[in-house]
Amino acid sequence: MTDTSRADELVNIPVFDGHNDILSRMMHEGRDGAETRFLGGNTNMDIDLPRARHGGLAGGLCAVYVSAASREQDANGDLPRVERQSAVDQTIAQAALLRRIEAQSEGAFSICTSVAEIRTAIANGSFASVFHIEGIEAAGPDLDIIHVLHAAGLRTLGPVWSRPNIFAHGVPFRFGHSPDIGPGLTEAGRDLIRLCNRLKIMIDLSHMNDAGFWDIARMSDVPLVASHSNAFAVCPHSRNATDRQLDAIRDTGGLIGLNFGVKFLHPEGRADTELDLSLMVRHVDYLVERVGIDHVGLGSDFDGTLISKKIGDVTGLLRLLGALRASGYDDEALTKIAHGNWLAVLERTWGE
Ligand SMILES: [Zn+2]
């Protein structure tokens, strides 16, 4: 056997990624002309369309993220809640931006609501986006807006971001602490999970605390997915998945997507912008060992978190896949990690 792999090898396999924050990032930069900048090239961002193509990013979950007026923690260490009307306004604005990108793209960007549509978009070289919301503060206990958002293409949501809302308690960001912080689902949260199951909306557990994770595990009838989290055993951060959680993800045919954020990767929790790709490989190795090669994907968190210069931007996907190949992952395994597992778990969740 000839091994031609090198540590600096570039590997281009289409990537379908479990999490990006391009929408909130674009709104932060300014609503006017955001779609033009994204489609034409905007190097202030981790992702724009020209570099996505260059880096092999074929599509992914595009998250709506709503921000609170302040980021000041309360006495319990919780981040502040988002006021409902503000959340509705921000959610509609970002969902509309997703539409504007698609409308202006002349077929180069697609909003997909099924795996068949994702496959078609990728085959046509069109960016296959999926409308996702992390933290559903826009919904009241009646859940009416979920029906409207679903009709507008919403196919996946995280009940919480890392703060409390009326549905559950998002896990606060704490290094050296397990995700076991705070209570689980509220009654409204249980109603939300039942509705997501009925509408076949994927439920993302990445920002749930431990109690909420297990409440959902007990009642949900779809695979458990943590779209952008790492292994707690390698980096003991409250945002990462414990071994028990990983076992449940595996046992339900779910998926965990590798988060590129340095604070969720570094074993000592350091915001190390020189963090080596070998540490990302170490998380993948651990996850694959624990849940199996069919249940690990990527969940970059591009445009939403601090990423190592060794990745840099979306074109760093080529280097990450290269590092994984150099450490022994063959084409079949890389294809699963790059996009195959994501498409499979979405199919198991949404149906054909
Ligand atoms: Zn997130």
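Values in this document were obtained by computation on a predicted structure and should not be read as measured data.

> Go over the coordination of the zinc ion with me, naming the residues and quoting the values.
Reference geometry at the metal: tetrahedral coordination by four donors gives ideal angles of 109.5 degrees; octahedral coordination by six donors gives 90 or 180 degrees. Around the zinc ion, the protein supplies E134 (OE), H207 (NE2) and H228 (NE2) as donor atoms, at distances of 2.1 to 2.3 Å. Look at where the donors of the zinc ion fall in the sequence and you get E-x72-H-x20-H. Here H228 lies in the loop between β7 (225–226) and α9 (243–251) and E134 lies in strand β4 (residues 127–134), a separation of 94 residues in the sequence. On the accessibility criterion, E134 (3% relative accessible area) is buried. Assessed through its relative accessible area of 1%, H228 is described here as buried.

> If you had to explain the environment of A121 to someone new, which residues and values would you point to?
In this fold, A121 is placed in helix α5 (residues 115–123). According to the relative accessible area criterion, A121 is buried, its value standing at 5%. Setting aside its immediate chain neighbours within four residues, A121 contacts S110, C112, S126 and A128.

> Explain unusual backbone geometry to me, using residue names and the numbers behind them.
Most peptide bonds take the trans form, and the phi angle of most residues other than glycine is negative. If you check the backbone angles, E106 has positive phi at about 55 degrees while not being a glycine. Checked against the element boundaries, E106 lands in the loop between α4 (84–104) and β3 (109–111). A relative accessible area of 80% places E106 in the exposed class. In the Ramachandran plot, D301 falls in the positive-phi region, its phi being about 70 degrees despite a non-glycine side chain. Mapped onto the secondary structure, D301 falls in the loop between β9 (296–298) and α11 (317–326).

> Provide a residue-level description of the side chain of S220, including the pertinent values.
Here S220 lies in the loop between α8 (210–219) and β7. Separated by 3.2 Å, the side chains of S220 and N197 make a polar contact. A polar contact is formed between the side chain of S220 and the backbone nitrogen of V222, at a distance of 3.4 Å. Ignoring sequence-local partners within four residues, the contact set of S220 consists of I193, N197 and I203.

> How would you summarise the packing of aromatic side chains if you had to cite specific residues and measurements?
What describes a pair of aromatic rings is the distance from one ring centre to the other and the angle between the planes of the rings. All chains considered together, the criterion is met by seven aromatic pairs. Measuring from centroid to centroid gives 5.0 Å for Y65 and W161, while their planes differ by 65 degrees, and the two rings are edge-to-face. On the criterion of sequence distance, the pair formed by Y65 in the loop between β2 (57–64) and α4 and W161 in the loop between β5 (154–158) and α7 (187–199) is long-range, its members being 96 residues apart. Considered together, Y65 and W161 belong to a single accessibility category, that of buried residues. When the centroid spacing of 5.4 Å and the interplanar angle of 85 degrees are considered together, the rings of F260 and F302 count as edge-to-face. Here F260, found in the loop between β8 (255–258) and α10 (277–291), pairs with F302, found in the loop between β9 and α11; they are 42 residues apart in sequence, far enough to count as distant.

> Got a sec to walk through α11? Specific residues and values, please.
For α11, a buried count of seven out of 10 residues is recorded, marking the element as mostly surrounded by other parts of the structure. For α11, the full list of buried residues reads L317, L318, L320, L321, G322, A323 and L324. Remark: G328 follows α11 within two positions and exhibits a positive phi of approximately 120 degrees.

> Talk me through the layout of surface pockets; I want residue IDs and the actual numbers.
Considered as a void within the structure, the largest pocket measures approximately 800 Å³ in volume. Secondary structure elements with two or more residues in the lining of the largest pocket: α1 (22–29) and α4. Top contributing element to the lining of the largest pocket by residue count: α1, with four residues. Among the residues forming the lining of the largest pocket, the class breakdown is 11 nonpolar, 13 polar and nine charged. As a volume, the second largest pocket reaches approximately 150 Å³. As for the second largest pocket, its lining consists of P14, L49, A52, R53, G56, L57, A58, I122, G125, S126 and F127. The set of elements that each furnish at least two residues to the lining of the second largest pocket consists of α3 (49–55) and β2. No other element matches the three residues that α3 contributes to the lining of the second largest pocket. Looking at the lining of the second largest pocket residue by residue, the class counts come to seven nonpolar, three polar and one charged.

> Describe the environment of G77, listing the residues and the values that go with them.
By the element assignment, G77 lies in the loop between β2 and α4. For G77, a relative accessible area of 14% puts it in the buried group. Linking G77 and T315, residues 238 residues apart in sequence, is a C-alpha distance of 36 Å. Other than its neighbours up to four places away in sequence, G77 contacts P172 and R174.

> Please set out the pattern of salt bridges residue by residue, giving values where relevant.
Following the criterion strictly, the structure yields 22 salt bridges and no others. Between R190 and D215 there is a salt bridge, with the nearest N and O atoms lying 3.9 Å from each other. Separated by 25 residues along the polypeptide, R190 in helix α7 and D215 in helix α8 bring together distant segments of the chain. The exposure class assigned to R190 is partly exposed, which follows from its relative accessible area of 27%. Classification of D215 as buried rests on a relative accessible area of 12%. We note a salt bridge from D191 to R194, for which the minimum N-O separation is 3.0 Å. One end of the pair is D191 and the other is R194, both in helix α7 and three residues apart, which spans about a single turn. In this structure D191 comes out as partly exposed when scored by relative accessible area, which is 34%.

Cut-off values and rules
Residues numbered from 1 in each chain as written. Predicted model: local features only at pLDDT ≥ 70, side-chain atom pairs only at ≥ 80, totals over all residues. Heavy atoms only, no water. Donors = N, O, S within 2.8 Å, 3.2 Å for Na, K, Ca; no water. Helix = DSSP H or I, 4+ residues; strand = E, 2+ residues; numbered from the N terminus. Buried < 20%, exposed > 50% of the residue type's maximum accessible area, 1.4 Å probe, protein only. Contact = heavy atoms within 4.5 Å. Polar contact = N/O pair within 3.5 Å; in protein donor to acceptor, adjacent residues only side chain to side chain. Phe/Tyr/Trp six-rings, centres within 6.5 Å; stacked < 30°, edge-to-face > 60°. 1 Å grid on protein atoms, 1.4 Å probe; cavity = no way out; pocket = protein on both sides within 12 Å on 5 of 7 lines; lining within 4 Å. Points joined across faces, edges and corners; volume = space filled by probe spheres on them. Nonpolar A, V, L, I, M, F, W, Y, C, P; charged D, E, K, R; others polar. Salt bridge = Lys/Arg side-chain N within 4 Å of Asp/Glu carboxyl O.

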